[in-house]
Amino acid sequence: MNIGDLNFSSENLIPAIIQDYYTKQVLTLAFMNRESLEISIKEGYTCFYSRSRKKLWRKGEESGNVQRIVNIKSDCDADSLIIEVIKQGPACHKGGESCFNDILYQTEEKSDFSINSLYKKLLTRKQDLPHGSYTSYLFEKGLDKILKKVGEECTEVVIAAKNPNKSELIYELSDLLYHALVLMVETKVAPQEILDELESRSNSGKTSDDT
């Protein structure tokens with residue numbers, strides 16, 4: 001597919017959903033015309049068309065919050081785009097990580113949860129150290145205590161994996177992941193840095209067994 005295969009509107013515009021490459025979070029919905037799309041592909045950074053100002057604008061040209069393009073995909077009708085980006089700074093002009101923050105409806109069965117949101121919650125716990133929190137207890141005790149718990153949870157995972165009980169294994173793996181995230185916060189390792197390392201290994205054909 002190329003730009004000539006796309007179906008632009010009568011105003012020569014096409015909607016573009018901007019998505020975080022790592023977290024898959026939807027960052028914003030913007031519009032592109034043919035020229036801004038060509039610029040985006042040529043420069044490797046998002047460039048949009050402002051319907052209100054009727055002009056091109058490069059994301060981050062004033063704020064510095066640029067978005068490096070990883071890939072651009074068209075839908076089946078070729079009349080809308082998804083653009084996965086690696087962002088630098090907030091995506092929203094109001095300072096938010098995403099423009100989509102105001103909940104109109106949400107089922108009680110599911111909540112907005114991810115590894116990144118849990119990591120951010122643990123960062124807040126470390127900063128505030130609320131009384132009575134188990135996470136606060138771990139941070140107050142320090143690295144040695146956290147490492148001890150990670151080791152204990154590794155053993156629990158091994159034991160659970162040897163038993164024919166999937167729910168027990170899920171429970172123990174959840175404990176291990178939680179304590180690993182606590183360790184990451186304590187040692188200032190961000191989830192994205194882990195993903196970068198795994199991606200580097202994948203792209204080079206190198207697996208964890210090779211290290």
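Residues numbered from 1 in each chain as written. Predicted model: local features only at pLDDT ≥ 70, side-chain atom pairs only at ≥ 80, totals over all residues. Heavy atoms only, no water.

S.K.: I'd love a proper account of the layout of surface pockets, names of residues and values included.
M.R.: Its boundaries defined by the atoms lining it, the largest pocket holds a volume of some 890 Å³. Together, 24 residues line the largest pocket, and Thr 23, Gln 25, Ser 114, Asn 116 and Lys 120 are the ones closest to its centre. Of all the secondary-structure elements, those providing two or more residues to the lining of the largest pocket are strand 6 (81-87), helix 2 (115-128) and helix 6 (191-204). Top element by residues in the lining of the largest pocket is helix 2. It accounts for five residues. (1 Å grid on protein atoms, 1.4 Å probe; cavity = no way out; pocket = protein on both sides within 12 Å on 5 of 7 lines; lining within 4 Å. Points joined across faces, edges and corners; volume = space filled by probe spheres on them. Helix = DSSP H or I, 4+ residues; strand = E, 2+ residues; numbered from the N terminus.)

S.K.: Let's hear about the sheet that holds strand 2 (residues 26-32): which residues, and what values?
M.R.: Overall, mixed pairing links the four strands, which are arranged 2-1-6-5 in an open sheet. A strand with exactly one partner marks an edge of an open sheet, and here the two such strands are strand 2 and strand 5 (67-74). Here the average twist between neighbouring strands, direction ignored, is 25°. In the sheet, strand 1 (residues 14-20) pairs with strand 6 via five bridges, with the strands oriented parallel. Residue pairing for strand 6: Gln 19 is matched across the bridge by Glu 84. (Pairing = 2+ DSSP bridges. Axes fitted to C-alpha atoms, helices over the stretch in contact; angles between N-to-C directions.)

S.K.: Describe the pattern of salt bridges, with residues and values.
M.R.: Where charged atoms of side chains with opposite charge meet at close range, the side chains can pair. Applying the stated rule across the entire model yields seven salt bridges. With its nearest N and O atoms 2.3 Å apart, the salt bridge here joins Lys 87 to Glu 97. Residue Lys 87 is located in strand 6, and its partner Glu 97 is located in the loop between strand 6 and helix 2; the two are separated by 10 residues in the primary sequence. Relative accessible area serves as the criterion here: at 34%, Glu 97 is assigned to the partly exposed category. For Lys 126, the salt bridge goes to Glu 186, with nearest N and O atoms at 3.1 Å. Residue Lys 126 is located in helix 2, and its partner Glu 186 is located in helix 5 (residues 166-186); the two are separated by 60 residues in the primary sequence. Look at Lys 126 and you get partly exposed, because its relative accessible area is 30%. The structure contains a network of salt bridges with shared partners spanning Lys 149, Glu 152 and Glu 153. (Salt bridge = Lys/Arg side-chain N within 4 Å of Asp/Glu carboxyl O. Buried < 20%, exposed > 50% of the residue type's maximum accessible area, 1.4 Å probe, protein only.)

S.K.: Can you break down helix 1 (residues 34-43) residue by residue, with the values?
M.R.: Three or more residues of helix 1 are buried, namely Ser 36, Leu 37, Ile 39 and Ser 40. Here the buried residues of helix 1 occupy an arc of 160° about the axis, which is enough to place them on one side. Residues of helix 1 that are exposed and point more than 90 degrees away from the buried face comprise Ile 41 and Lys 42. If you check the start of helix 1, you find a side-chain oxygen 3.2 Å away from the backbone N of Glu 35, and it comes from Asn 33. (Arc of directions from axis to C-beta. Polar contact = N/O pair within 3.5 Å; in protein donor to acceptor, adjacent residues only side chain to side chain.)

S.K.: An account of the packing of aromatic side chains is needed here, citing residue identities and associated values.
M.R.: How two aromatic rings sit relative to each other is given by the distance of their centres and the angle of their planes. Scanning the model with the defined rule gives four aromatic pairs in all. Ring centres of Phe 48 and Trp 57 lie 5.1 Å apart, and the angle between their planes is 55°; this geometry places the pair in the tilted category. Overall, Phe 48 belongs to the buried group, its relative accessible area being 1%. For Trp 57, a relative accessible area of 22% puts it in the partly exposed group. Each residue in the set Tyr 134, Tyr 137 and Tyr 178 is aromatic and connected to the rest through ring pairs, giving one cluster. (Phe/Tyr/Trp six-rings, centres within 6.5 Å; stacked < 30°, edge-to-face > 60°.)

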